[in-house]
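Overview (structure and organization)
Each chain is listed here by its residues.
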Amino acid sequence: MNNKIKLFSIKKEHESASKHVSGKAKYADDIHEPKNLLHAAIGYSQIAKGKIKSINLKEVAKSEGVIDVITYKDIPGINDVGPVFKGDPIFAKKNIEYFGQPIFSVAATTCELARKALRKAKINYLKEKPILEIKDAIKKKSFVLKTKVIQKGNVNKSIKDSNNTIEGELFSGGQDHFYLEGQIALTIPKEDNNYLIYSSTQHPSETQQIVAKVLKQKFNSINVRIRRIGGGFGGKETQSFIFAAISALLARKTGNPIKLRIDRDDDMIITGKRHDFYYKYKVGFSNKGKINGLDLLLASRCGISPDLSGAINDRAIYHIDNSYFIPNIKLVSYRCKTNTVSNTAFRGFGGPQGMFCIENIIENISKYLNIEASIIRKNNFYQKNKNNITHYNMKVEDNCINEIFKDLLKKSNYKKRKKKIIEFNKKNTILKKGISITPVKFGISFTTTHLNQGGALVHIYTDGSVHLNHGGIEMGQGLMTKIAQIAANELGLSTNEIKITSTDTEKVPNTSASAASASTDINGGAVVNAINKIKNNLALFITKNYKYKGKAIKYKNNKVLFGNKSIDFKKLISLAYLNRISLSSSGFYKTPKIFMNKETLKGRPFLYFSYGAAVSEVIIDTLTGENKLIQVDILHDVGKSINPSIDLGQIEGGFVQGLGWLTTEQVSWNVNGNLTTHSPSTYKIPVSKDIPEKFNVNIYEKGFNIEKTVNRSKAVGEPPLMLALSTFMALKNAVNNNNLKAPATPENILMALQE
Amino acid sequence: MIKNEIEFILNDNLIKIKDIDTNVTVLNYLRSNKKLTGTKEGCASGDCGACTAVTAELNNNKLTYKSINTCITFLYNLHGKQLITVENIGKDKLHPVQQSMIDNDGSQCGFCTPGFVMAMFGMYKNKIKPTNNNIDEYLAGNLCRCTGYKSIKNAARKMYSYGRNDKFTKNKKITIKLLKSINKNDVIIDNNKKKFYIPSNLNNLIKETQKLSKFKFLSGGTDLTLEVTKQNKEINSLIYLGNNKDLNYINIKNNYLHVGAATPINDLIPKLKNIYPSFADMFYRYGSIQIRNVATIGGNLASASPIGDCSPALLALNSSLLIQGKIQREVHINKFFKSYRKTTLKNKEFIKEIKIPIFKNCIFKCYKISKRFDDDISSVFVAFLLNLKKNLIIDMNIAFGGMAATPKLASKTQKFLIGKKFNYNNIHISKKIIENDFNPLSDMRASSQYRNIVSQNLLERFYLEVKNNRSETIN
C-alpha cells in the first residue's frame, strides 16, 4: 500500500502535454483527410414552434459544389437520436419544436460551399406560440417526464412546529458547455456497408448503437473511435449523436467519407445546455437555524425532449441536502417541456442546481436570524453517528465535511476577514464586500445503476511493452494519464512502457459514457482486473518454470520478484511467450454495493461521496453592479490522489466553470424563442482576469476513500464545480438581499440592490 | 511595377501566392492548404483565441511581433510579413513558452493550448518581465474551459526562467534579410472573379479607389471578415489599407492628436496614456490584444457600430474626421453617424485621419460597463468631457454608447448642466433628465431598465470622482 502511494505522488504531467503545446495532438478535425472527402452542413429551423408548410431544397441541391441533400426521408432506420427515451428527431418532419431544430443536411466538396448552400433553402412555416418560460410550462402542465415526489418524515407538521419559517422563490441559470473543440464527426465507409466514425463524443458505445439504429444495421457494423476530444463537460454525452448520425447518413447515401464540423454559433444553437431551475420553498427552522422541515418545488427547463433530464433532475433531488441533515422533507420535481433546445448533461448533472437551492435557503435563514451563515451551516451538517441518513435513505458513512469545514475556516482566516468586511461595509457606501464559505458533498456513481460498469483490453508484447485500451474518453480530465499510471504501477514499469491508444468500440464494447466523474474508478478498475488476469497466467508460468512454491510475486522497477529471484520484466515476458503463455486479456469492473428504486428514488445510489469546501470574498459596486472576486480558498477531498497535479487542475478548472455559471454566463432567448447568446461575443465565459489574484487551492491531506477504489482515490471531475457556490453566496452577502438571481451579472446585482 | 502576387514568410520559408481565393482566411489556409493543423478553430469570430498565431513585421530595421486571430484575418493581409505558427516555435527544441506550459500543467484537453502558447509567445517577444496585469492583458483574448487559468498564468509568469533568447532572436538577421527582399510595390490580385488591392501609398489608393466600381475597404478586418466566416458571403473586391504607410501615423500638432485611420489601436494606446489616460484604459478592455494588434480606429468608426466604445469617446472629445474621396473634407464626428450602422461616408470615400483635440484644462473620463470585464461589448459606455472653472460648468460633453442606434450625446442633460454649479444637487436633478435623452433597447447584454439606471449612476460616479479626486471602483 505504502509503495503504491509513493509511486502515485511522483509528479506526472498530462500524457499529451508536449503534443498539446506543439500542435501535434490530433483532434477529429486534424486527422489526415481521406480521398474524396465531402463536407456536410446542417440547415435548421428559424422558428421556435410551428409546422413546416412547404420546403423547397432545389436551389440548395443546385448550389455550387453540392453533391447531395438529405432530409428525414433519407433515414432507413429510426429518425431519433434520443438516448434513454425517444423524442430527439434527427430531422424535423413536419413539427418544429425549437429554434435551431435540424431539418436537412447537405454534402458538398468544401465546408464553405456546404454552408453557403444552406442559405438557399426555401422553407415556409406555420408559426405557433412557443412555451419559453418554466413558469409558463408549469401553468400549462407541459412536461417531458412524469413529476416525481420524494418524501421523508412529516413536512407540514415539522414546519408548523418550527419557531421560524420563511418561504420564497429562487432562480438558477442555464449554461452553455463552450467546449473549445466544437461538435464534429467524420464517417468513413468501409466494406459490407460498415462505417468507421471518428466522433468527438463522451460516449462511443451509444454513438455506435444509435447510428446503427438510424441506418437500420447491426451494432457490429459500426465502429466508433476517438483518441481525445477538446472538452466535453457533458455536452458531448448525448449531443454528439446527431452529428455522428448525419455524417453516417450522408456517407451511406453518397458512398464518400463525410466530415461534419459545425460552426460555433450553430453548435450553440443546435445543442442542449445546463438546465435552468425555478424553485419555490418553505422552510421551518429552530432559533439556531437548524432546519426541521423543507417543502420544496423544483422545476427545470428540459427543452423539447427527455434526453437525460430524468437522471439530471433525480440528481438535483439527491443533492438538495448538500451536506445537511434535513429530518423532514417533501420535494416535488417538475420536468418542464419548453420550446427551447433539449437541455442535457453538464458537469454536476443537476447536483449544482440542487445545492444552489439549499445554499440560498441557508443564506436566507442566516439573514433572517442574523446569525453568521457558516454557523448555520455547521449546525446542519450530517454527523458521524447520528443524523446521518439522507432523505433517500442512504447512510452517509464517509463523512468528513465537519473536518474539512473546520480546517478551511482556520486556514482561510475566515472570522478575522469577516470582521474586517463588516468594518469595510460600515465605512463605504458605494463599494460593499461579502464573504461566504460553502461545503460540497457530491455522490459518486451513475444513478442509473447498470451504467456503473467498465471494460479494458491489455496486451503485453514480446518486448515487454504494454498496449491498452479502455472504455473511457480523454477529454482533458487526465484519464489516460491516470490509467497509464495505474497500469504502470500494477506491472512495476514506468509509464513510458504503457501505450494507450484511441478509445474504440472494436477494442472495448458496451461501455458507459465518460461521465459522472467515475471514469477512473470504473475503467481503472477494469484495467487492474485485466492485468491481474495476465499476472495469473504469469504466476502459473513462474510456478512451473522456476519451481516456485510461494504465492508472493512482486512487480517493481522493471523487475519481477519472487522468492529470492529477481528477473527482468522483459525477459520474463519473452520467456512466457516462448512457453505459450497468454499475454493479453480483457478486464471488467462493476461498482459494488449500489442500488436504488426508480420510483421512490430511495436506496444507495452512490458508492461514496466526494467532499470539499470553499471560501470566496467579493466586492461589488452598488452604482453599476460590477463585481470582483478578491480571494478564494479551497480545500477539497480527492481521497488518496493518483495524480495531485491533475486533481488540482480539475479543482481549479471546475471552480472557474462554476464561477462562470453563477456570474457572467447568461443564456438568453428573445420573445420568439431565438437564442440570442450563440457566440463567444455575446456569451461570456470567464477569462484570465476573472480568477482571483489570491486563489489558494489545496487537496485535503487526510483524504482517504473508505471504499476500495484504485489507490483509495476519489472522483474529482464534477464536485469542484459546486465550490463556486461560495462566490454566489458571497455576492448575495454583499448585496444583502435575498432576491439575487443567478447568474449574478452586474444587471442582476444592481436589480437586487434596487429592491 | 504592380505585382500580381503577395509574398510572406511562413515560418522559415518565403511563400508567393496569387491563385488562392481572396476570401480565404489565414486559418483555413494553414489548416486546409498547408495541413498545419496545430492552429485550431474555436469560434471563427476572433473571440476565443484558439487560432492565435504571431506575425513579425519589419519596422525601422527591427522586428515587431504581434499575435493575431488567424480565423478573422484574410490570407492576403499577410503580404510583407512573417507568420509564425505553433508547429514552428519548438520545431527542434521546445520553446521556453512550451516547456513552461508543460511543467506548470497548463494544458488539459489541449484544444486551446496552441492558441495560448502563441499568445504567450507574443508576450515573450514583447515583454521582459510580465506583471500580473500584463499577463491578463496578453491572455484576455484566449478562452480556456478546462484549467481555470491558474496554471496557464503560472506558466506565463515563469516562462523566462527557461531562457530569454529563442531561435527567432538567433535567426533575426536572416528573417530581416528575407523580409527586406519582399517587393513593396502595389499588389493587385485578380482571380476567381475576385480582386484584392494593396496600394502602397495614399496616391495610389485614391487612384485605385476612383477606378473601381464596387468594393469594400479592408483594414484589420476584424469586423468585415465575419461576413465571410459567419454569414457565408463572398466579398468580390477588397482594397486593403493595412499596408499603407500614409494612413498609419500618430502626430501631435497644434493641440491636436492626428491619427492615421489605419493605425492599429494598440499603437495608439501608449500615446493616449499621456493625454487621456482614461481613454487608454478603456482600449485595454476594448478588445483582446489579438484584435487591437490589427483593428484600426478608422475601421471602428467606419463600421459605425452603436456599441463601439471608441466612437462615444471621440464624440465627447469633439473629434473630427478627415474624409478622403477625390477631394478631402473634414467632418465633425457628431455629423458622421447617420443611423444604425450608417455614416456620411459616400461611395469611394474613406477615412484618412482622426483629429482629436487635446484639452489641457478639461477633465476627461470614460466608463465601460459589461458583463465580463475583459474583451466584452459594453452594455453601457459613457465618456465625459468637463470644463470646470471655479466649480462652474463652462462646458460639458456627455457621450453614450449602447443607449441608442448610434453613439449619442446626452444633449438635454448637457444643456441643463452647462452654466450650473458642479454640485450634488444639480447632478441629482440631471440624473432624471438623462432618462429623457435616451430610450435604450433591451437585449442579451442588458435590459433598458438597467441601461437607464446605470447611465444615471455613472453620472453620479463621474461627479464623485471629480469632486473627491479619487476613483472608487472595484478594480
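For the structure, see preceding data.
Attention in this report is confined to the structure presented alongside it. (Residues numbered from 1 in each chain as written. Chains lettered and ligands numbered in written order. Predicted model: local features only at pLDDT ≥ 70, side-chain atom pairs only at ≥ 80, totals over all residues. Heavy atoms only, no water.)

For the rest of this paragraph, the subject is the overall build of chain A. Secondary structure summary: chain A contains 20 helices and 29 strands in total. On the principal axes, the C-alpha backbone points of chain A span a range of 80 × 75 × 45 Å. Taking all 755 residues of chain A together, 67% fall into the buried category. Considering only intrachain contacts with a sequence separation of at least 6, the fraction spanning at least 24 residues in chain A is 80%. As displayed, chain A offers around 27300 Å² of accessible surface, 49% of which is attributable to carbon and sulfur atoms. If the 110 positive side-chain charges of chain A are averaged to one point and the 66 negative ones to another, these points end up 5 Å apart. (Helix = DSSP H or I, 4+ residues; strand = E, 2+ residues; numbered from the N terminus. Buried < 20%, exposed > 50% of the residue type's maximum accessible area, 1.4 Å probe, protein only. Contact = heavy atoms within 4.5 Å. Areas by Shrake-Rupley, 256 points an atom, 1.4 Å probe, with all protein chains shown as cover. Lys, Arg positive; Asp, Glu negative; His and termini not counted. Charge placed at Lys NZ, Arg CZ, Asp CG, Glu CD.)

Take unusual backbone geometry next. With an omega of 0°, the peptide bond running from Ala742(A) to Pro743(A) counts as cis. Counting through the fold element by element, Pro743(A) comes out in the loop between α19 (725-735) and α20 (746-754). Even without being a glycine, Lys35(B) presents a positive backbone phi close to 55°. Looking at where Lys35(B) falls in the secondary structure, it is placed in the loop between α1 (26-33) and β3 (52-59). Unusually for a residue other than glycine, Asn391(B) sits at a positive phi of about 65°. Position of Asn391(B) among the secondary structure elements: in the loop between β18 (380-389) and β19 (392-401). Since its relative accessible area comes to 35%, Asn391(B) is described here as partly exposed.

Here the focus is the sheet that holds β3(B). All names here are of chain B. If you trace the 5 strands from one edge of the open sheet to the other, you get β2-β1-β5-β3-β4, paired in mixed fashion. In this open sheet, the two edge strands, each paired with only one partner strand, are β2 (13-17) and β4 (62-69). If you compare each strand with its neighbour and ignore which way they point, the axes differ by 30° on average. Relative to the sheet, helix α4 (residues 113-126) contacts β3, β4 and β5 (82-84), its axis offset from that of β3 by approximately 25°. (Pairing = 2+ DSSP bridges. Axes fitted to C-alpha atoms, helices over the stretch in contact; angles between N-to-C directions.)

Between chain B and chain A, the contact holds 78 residues from the first and 83 residues from the second. On the chain B side of the interface with chain A, the three residues burying the most area are Arg145(B), Lys371(B) and Ile474(B), jointly 15% of the side's total. Summed over the shared surface of chain B and chain A, the number is 13 salt bridges. Between Asp105(B) and Lys11(A) there is a salt bridge; the shortest N-O distance is 2.8 Å. On inspection of chain B and its partner chain A, the count reaches 38 residue pairs in polar contact (both at pLDDT 80 or more). Looking at the side of chain B that touches chain A residue by residue, the classes come out as 29 nonpolar, 24 polar and 25 charged. (Buried area = accessible area lost by both parts, 1.4 Å probe. Salt bridge = Lys/Arg side-chain N within 4 Å of Asp/Glu carboxyl O. Polar contact = N/O pair within 3.5 Å; in protein donor to acceptor, adjacent residues only side chain to side chain. Nonpolar A, V, L, I, M, F, W, Y, C, P; charged D, E, K, R; others polar.)

Moving on to the pairing of strand β13 (residues 277-285) of chain A. Residue and element names in this part refer to chain A. With 7 of 9 residues buried, β13 is to be regarded as a mostly interior element. The sheet contact formed by strand β8 (residues 164-172) and β13 spans 9 bridges and is antiparallel. Within the sheet, the bridge partner assigned to Glu167 lies in β13 and is Lys282. In sequence, β13 turns back onto strand β14 (residues 291-303) through a hairpin of 5 residues, with Gly289 there showing a positive phi of about 85°.

Here we come to the pairing of strand β11 (residues 256-260) of chain B. Regular strands place their side chains on alternate faces of the sheet. All names here are of chain B. Among the 5 residues that make up β11, 4 are buried, leaving the element largely enclosed by the rest of the structure. Bridging between strand β10 (residues 250-253) and β11 involves 4 bridges; their strand directions are antiparallel. Residue pairing for β11: Ile252 is matched across the bridge by Leu257. Hairpin remark: β10 followed by β11, antiparallel, with 2 residues in the connecting loop; positive phi at Asn254, about 50°. Where β11 meets strand β16 (residues 350-357), 5 bridges bridge the pair, whose relative direction is antiparallel. When the bridges of β16 are listed, His258 appears paired with Lys355.

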